[in-house]
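Notes for the structure review
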Amino acid sequence: MSDEIKDHRSTNSTTYEDLIEIVPTPSTLDAPSSPSRGLSSDHQVGVEQQELPKFPDVVRDVISYCRTNNIENPVEILRVAQNKIVKGRALKSINQPVMIDGLTNYIMIDRNRVSNTAKEELELVSDKNLRLTLEVSFYGEIAKDAGGPRKEFFRLVMKEICKKYFGGGLKSHMEKDNFMVGMIMALSILQNGTIPRFMPEDILQQLFNITEPSPCVLKLQEGFDRLGIIRIGSSLPTFLHLLRKSDASVITRRALVNHLSPSFAEEGSNACRFQRSVYALFMKYVREAGSGQRLQGNITLTSILEFVTCFDEEPVFGFDPHPQIFLWKQKVQLSGHLYQLPTHVHIS
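So, how was this worked out
- Once a new chain begins, its residue numbering starts again from 1 and follows that chain's sequence as written.
- Per-residue local features are limited, in this predicted model, to residues with pLDDT of at least 70; the limit for side-chain atom pairs, both in listing and counting, is 80 or more; totals at the level of whole chains, interfaces and linings are taken over all residues.
- Side-chain metrics in this entry use all non-hydrogen atoms of the structure; hydrogen atoms and water are not considered.
- As a per-residue measure, pLDDT tells how confident the predictor is, with possible values from 0 to 100.
- Here, residues are in contact when the closest pair of their heavy atoms is within 4.5 Å.
- Only protein chains enter the accessibility calculation, which uses a 1.4 Å probe. A residue is then buried if its area is under 20% of the maximum for its type, exposed if over 50%, and partly exposed in between.
- Under the DSSP-based scheme used, a helix requires at least four consecutive residues in state H or I and a strand at least two consecutive residues in state E, with every element numbered from the N terminus.
- A pair of strands is treated as paired once DSSP finds two or more bridges between them.
- Clockwise travel from the first strand over the helix to the second, with the strands pointing away from the viewer, marks a crossover as right-handed.
- Axes here refer to lines fitted to C-alpha atoms; in helices the fit is confined to the stretch in contact. Angles between the N-to-C directions go from 0 to 180 degrees.
- Orientation categories follow fixed angle ranges, with anything under 35 degrees roughly parallel, anything over 145 roughly antiparallel, 65 to 115 roughly perpendicular, and all other angles oblique.
- Each crossing gets its hand from how the near helix is turned against the far one by less than a right angle, where anticlockwise is left-handed and clockwise is right-handed.
- In this count, Pro and Cys sit with the nonpolar residues alongside Ala, Val, Leu, Ile, Met, Phe, Trp and Tyr, while Asp, Glu, Lys and Arg are called charged and the others, Gly among them, polar.

**Considerations on the confidence of the model for the protein chain**
Residue-level pLDDT values for the protein chain average 77, and 74% of them are 70 or greater. Low pLDDT, under 50, characterises residues 41-50; the stretch is placed with 15 contacts to residues that sit more than four places away or in other chains. Low pLDDT, under 50, characterises residues 330-336; the predicted model gives this stretch seven contacts beyond four residues in sequence or across chains.

Shown next, in the form of structure tokens:
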């Protein structure tokens, strides 16, 4: 093995091969898999013929590529990892007029039991198929997942995981759940979901340090590394910055207004003047939400962003497509991050 893909941490001289042994990978990782319950029924034919590189080789490739090209920016490291690890349907399909073809892992989620149903669905997915893009459907809803439902699922499940498993610290009596929790967090990181920035620094250090983590953290570690995240973060330490809290991720009024840019009719027209009057009411609504005057209705700047984009913060790769506000008198079909402001409201 070349020096290029050794673990360079100063604490020890552990090599990448040693890391694979110390942080065990499930024995079925490289085993051939047949179409599983989780595979989208629209794409089961020919799945067995789709050969993917062995997963440890893929992770080595991510690490080697970043080191060879001097990639230290955590966002760019994630981009490389995403491109090499995630397979199947393209992640960025929300702005397409029709569904993009491709293999997916189809899961059904109960909004009242998000983390529980996620664990129930994903524990049956084989290791090879775990690399496929998730296709999410919520109980009783008929929306086709072109990206939006998956992003909403990750936002909801990250919020629930933060409160249930990290509120007040990791709990030993919930240790057995931590493998699936770590795996779901890894999926969210790789598939354009919410980045789990709620982990305390001591947990982060234990996660990416192979020397004697606590039993709770060890289970998390194993779940994260089912998708190679621990090996990538341990070999490329700047990647950890992605998982730390940042003021840049906080939604402010300025940020929200910049994200939700309006689209007006021709300047000087009656329609434009009317639309600007309606937009002024929306700006008043945003000011009230930002100052806490709408808390009784649980309206905040974050909830407005969630309503339009399914995100509670700006995604790590930015919004694609960029959110916009359209003002129409008639109801129209919208796609992507587009929010329709009605113009038939009474303006005093």
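And the narrative resumes.
**Re the pairing of strand β2 (residues 133-138)**
For β2, the buried fraction is high: six of the six residues fall into the buried class. Judged by which residues are buried, β2 turns out to be covered on both faces: Thr 133, Glu 135 and Ser 137 on one side and Leu 134, Val 136 and Phe 138 on the other are all buried. Inspection of the sheet shows strand β1 (residues 104-109) paired to β2 by six bridges, in the parallel sense. Among the inter-strand pairings, Tyr 106 is bridged to a residue of β2, identified as Glu 135. With helix α4 (residues 114-122) bridging β1 and the parallel β2, this β-α-β connection has right-handed handedness.

**Description of the packing of helix α6 (residues 178-190) against helix α8 (residues 215-224)**
It is at 6 Å that the axes of α6 and α8 come closest, and there the two elements cross at 40 degrees. Considered as vectors, α6 and α8 are oriented oblique to each other. Considering the relative orientation of α6 and α8, their crossing is right-handed. Where α6 abuts α8, its residues Asn 178, Phe 179, Val 181, Gly 182, Met 183, Met 185, Ala 186 and Ile 189 lie against Cys 216, Lys 219, Leu 220, Glu 222, Gly 223 and Phe 224. Its residues assigned to classes, the contact of α6 with α8 shows nine nonpolar, three polar and two charged.

**Some details on the packing of helix α2 (residues 55-68) against helix α3 (residues 74-85)**
Contact geometry for α2 and α3: axes closest at 10 Å, N-to-C directions at 150 degrees. Here α2 is positioned roughly antiparallel relative to α3, judged by the angle of their axes. Two packed elements cross with a definite hand, and for α2 against α3 that hand is right-handed. Seen from α2, the contacting residues are Phe 55, Val 58, Asp 61, Val 62, Tyr 65 and Cys 66; seen from α3, they are Ile 77, Val 80, Ala 81, Lys 84 and Ile 85. Classifying every residue of the contact of α2 with α3 by side-chain character gives nine nonpolar, no polar and two charged.

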